[in-house]
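Chain by chain, the residues:
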Amino acid sequence: MTRRLGQTDIEIAPLVFGGNVLGWTADEPTSFALLDAFVAEGFTAIDTADVYSRWAPGNDSESERIIGRWLKARGNRDRVHIFTKVGSDVGQGKKDLSAKWIEHAIEASLQRLQTDYIDLYQSHWPDPTVSQEETLAAYDRLIKAGKVRFIGASNYDAALLSEALTTSKEKGLPRYQTLQNEYNLHKRDAFEGEVQDLVLREGLGVISYYALAAGFLTGKYRTEADLKGARGESVRRYLNERGLRILAALDAVAERTGAAHSEIAVAWVIAQPGITAPISSATSLAQLASLIRGARLTLAREDIELLTDAGR
């Protein structure tokens, strides 16, 4: 069952592949295999950013480059939806949504992705040094040039998003059709409340990230001893009284449904009002298969309520 992405003409299944791992924790052959398997299951939306994964030594926007080589090798550009982001510091020294930077960055992304258009181009982070009108006017030019189909915002709070939507309406500029904020059973304040009310009222699509809370919601991390290893430090912030309460609720739902904790966590996000599709990444075919099961899992109302209450 597909869902409409905001007020666009894009319809996607309720799972977006997170491209942050491509060329970082998934090498190129693995990345190709993951993307092939994702598309073979009927999913079409792939999310990346110009900054992925420049934090890894020797990497220079590897995610977009790998996706570009995959698109060329498979000849399937017209059958997938490519979402990327602009505005992170990729060497210019700051978060940057200036018209000059956007006009430079789009050309670099198009070249890396080996395509002449991007389905969804997103402001990765707010840039307080640039007016929203300047940013939206730059996107307007890209849309009119056929380089971008639709635009979205990421990591915007209700006030900033509302200001952007008002600017679009008053100035006759394209509007953000999507929002990409962090949202999962544990981290809920970046979406629930004012932001959720706004996107529901304005008809935006939400493609949330960190559905598994950096892996915490897989249920593998329950004690300090479990935090040893590569992911340990990123998971530590979730290992608290509320986190353990959520894991207990996941345990109960897993026992009732037979589904894995990660699958239940993904299904819970998908069930929330305003969510179009969570973004989630995988570094193995087994992980990807589990995410896809989660996207197809329908939780009982009482299970959704139990999980929601546990994370309050």
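Given the structure is predicted, the values throughout are model-derived calculations rather than measurements.

A closer look at the overall build of the protein
Alright, step 1. Summing up its helical and strand segments, the protein has 11 helices and 10 strands in all.
Alright, step 2. C-alpha extents for the protein along the principal axes are approximately 55 × 45 × 40 Å.
Alright, step 3. Looking at the 312 residues of the protein, the share that counts as buried comes to 57%.
Alright, step 4. Nonlocal contacts in the protein, meaning residues at least 24 apart in sequence, comprise 77% of its contacts between residues at least 6 apart.

What to know about the packing of aromatic side chains
Alright, step 1. With the rule as written, the count across this model stands at 11 aromatic pairs.
Alright, step 2. Look at Y209 and Y210: their rings are 5.4 Å apart centre to centre, the planes differ by 75°, and that puts the pair in the edge-to-face class.
Alright, step 3. Chaining the aromatic ring pairs together yields one cluster made of Y121, Y139, Y156 and Y176.
Alright, step 4. The side chain of R77 reaches across the aromatic face of Y117, ending 4.0 Å from its centre.

Points about the nonpolar core
Alright, step 1. In this structure, Y121, Y139, L161, Y176, F216 and L307 are the most contacted members of the largest nonpolar core, which totals 92 residues.
Alright, step 2. Here Y139 is in contact with V86, L97, I102, Y121, Q122, S123, I151, P174 and Y176, once residues within four sequence places are set aside.

Focus on the sheet that holds strand β9 (residues 205–206)
Alright, step 1. Strand order across the open sheet formed by eight strands is β9-β8-β7-β6-β5-β4-β3-β10, with parallel pairing between neighbours. The strands lining the two open edges of the sheet, one partner per strand, are β9 and β10 (279–280).
Alright, step 2. In the sheet, strand β7 (residues 148–154) pairs with strand β8 (residues 176–180) via four bridges, with the strands oriented parallel. If you follow A153 over to β8, its bridge partner there is L179.
Alright, step 3. The strands touched by helix α4 (residues 132–144) within the sheet are β5 (81–86), β6 (118–123), β7 and β8, with β7 carrying the most contacts at an inclination of about 155°.

Brief notes about the packing of helix α5 (residues 158–171) against helix α6 (residues 194–202)
Alright, step 1. The interhelical angle for the contact between α5 and α6, taken along N-to-C directions, is 25°, at an axis separation of 9 Å. As judged from the angle between their axes, α5 and α6 are roughly parallel. Mapping the contact onto sequence places A158, L161, S162 and L165 in α5 and E194, V195, L198, V199 and E202 in α6.
Alright, step 2. Grouping the amino acids of the contact of α5 with α6 by side-chain chemistry returns six nonpolar, one polar and two charged.

What to know about the pairing of β8
Alright, step 1. Most of β8 sits inside the fold, with five of its five residues counted as buried.
Alright, step 2. Remark: the β7/α5/β8 crossover connection has right-handed handedness.
Alright, step 3. As judged from the two bridges shared by β8 and β9, these two strands associate in the parallel manner. The residue of β9 that forms the bridge with L179 is V206.
Alright, step 4. The β-α-β motif built from β8, the intervening α6 and the parallel element β9 has right-handed crossover chirality.

Let's talk about the pairing of β5
Alright, step 1. For β5, the buried fraction is high: six of the six residues fall into the buried class.
Alright, step 2. Residues H81, F83 and K85 of β5 are buried on one face, and the alternating residues I82, T84 and V86, pointing to the opposite face, are buried as well.
Alright, step 3. Across three bridges, strand β4 (residues 45–47) lies against β5 in parallel orientation. If you follow I46 over to β5, its bridge partner there is I82.
Alright, step 4. With respect to chirality, the unit in which β4 leads through helix α2 (residues 62–74) into the neighbouring parallel β5 is right-handed.
Alright, step 5. Note that β5 and β6 share four bridges and pair parallel. Bridge assignment links F83 to a residue of β6, and that residue is L120.
Alright, step 6. Considered for its hand, the β-α-β crossover made up of β5, helix α3 (residues 99–113) and β6 is right-handed.

What counts and how
- Residues numbered from 1 in each chain as written.
- Predicted model: local features only at pLDDT ≥ 70, side-chain atom pairs only at ≥ 80, totals over all residues.
- Heavy atoms only, no water.
- Helix = DSSP H or I, 4+ residues; strand = E, 2+ residues; numbered from the N terminus.
- Buried < 20%, exposed > 50% of the residue type's maximum accessible area, 1.4 Å probe, protein only.
- Contact = heavy atoms within 4.5 Å.
- Phe/Tyr/Trp six-rings, centres within 6.5 Å; stacked < 30°, edge-to-face > 60°.
- Lys NZ or Arg CZ within 6 Å of the ring centre and 35° of its normal.
- Core = buried A, V, L, I, M, F, W, Y, C linked by side-chain atoms within 4.5 Å.
- Pairing = 2+ DSSP bridges.
- Axes fitted to C-alpha atoms, helices over the stretch in contact; angles between N-to-C directions.
- Parallel < 35°, antiparallel > 145°, perpendicular 65-115°, else oblique.
- Nonpolar A, V, L, I, M, F, W, Y, C, P; charged D, E, K, R; others polar.
- Right-handed = clockwise from strand over helix to strand, strands pointing away.

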